[in-house]
Amino acid sequence: MTGMKKPVPQAVEINRRVWSTVQQIPEGKVATYGQVADLAGLGRAARRVGRALRELPAGSEVPWYRVIRAGGQIAFPTGSSAFNRQRKLLEAEGVSLINGRIDLGVYGWQRTLDELLWKPD
DNA sequence: GTCTTGACTAAGC
DNA sequence: GGCTTAGCCAAGA
């Protein structure tokens, strides 16, 4: 089986974890690449998240547009079709951009803090 | 096998 | 506030 090329399921597994994590981002909220990487168990491999999202099949239910840069900006070049698409999807959920930026203090998905403060317990 | 690229981030100017 | 540099890590060429 030397010629048998293994599909390196590890990479696929990582993609699955990233996508699964992104799906947990609630509507109207956004998360950063680094945050998703951390939650997905990838440490600080933020670029890995970007790659996983790029590999994302079209028509998936994964809200890829809820993932933005650490500075609150959309990762695509301003004005590009992808940028406009993402902005529109975000605004449709109530996430507005101010000067091309998203206020992470307002729309940031502070999972841990959120649960600590809101968990009725 | 090395080099470049990229849906990133933090730090410095 | 924005631009540059360095660190990062895996996929392609």
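Structural notes, computed from the coordinates.

**Considering the protein's contact with DNA strand B**
In the vicinity of DNA strand B, 13 residues are found, and the nearest of them are Tyr33, Arg47, Trp64, Arg69 and Ala70. Among all atoms of DNA strand B positioned within 4 Å of the protein, those belonging to sugar or phosphate total 41%. A distance of 3.0 Å is found between a phosphate oxygen of DNA strand B and a side-chain nitrogen or oxygen belonging to Arg69. For the surface near DNA strand B, the secondary structure elements donating two or more residues are α2 (33–39) and α3 (46–54). A total of 5 residues in the surface near DNA strand B trace back to one element, the largest contributor, which is α3. A class-by-class count of the residues in the surface near DNA strand B yields 7 nonpolar, 3 polar and 3 charged.

**Examining the pattern of salt bridges**
Taken as a whole and judged by the stated rule, the model has 1 salt bridge. Between Glu93 and Arg66 there is a salt bridge, with its nearest N and O atoms 2.5 Å apart. Of this pair, Glu93 sits in the loop between α4 (81–92) and α5 (104–107) while Arg66 sits in the loop between α3 and β2 (67–68), placing them 27 residues apart in sequence. With relative accessibility at 8%, the residue Arg66 sits in the buried group.

Each value, and the rule that gives it
- Residues numbered from 1 in each chain as written.
- Chains lettered and ligands numbered in written order.
- Predicted model: local features only at pLDDT ≥ 70, side-chain atom pairs only at ≥ 80, totals over all residues.
- Heavy atoms only, no water.
- Near = heavy atom within 4 Å.
- Polar contact = N/O pair within 3.5 Å; in protein donor to acceptor, adjacent residues only side chain to side chain.
- Helix = DSSP H or I, 4+ residues; strand = E, 2+ residues; numbered from the N terminus.
- Nonpolar A, V, L, I, M, F, W, Y, C, P; charged D, E, K, R; others polar.
- Salt bridge = Lys/Arg side-chain N within 4 Å of Asp/Glu carboxyl O.
- Buried < 20%, exposed > 50% of the residue type's maximum accessible area, 1.4 Å probe, protein only.

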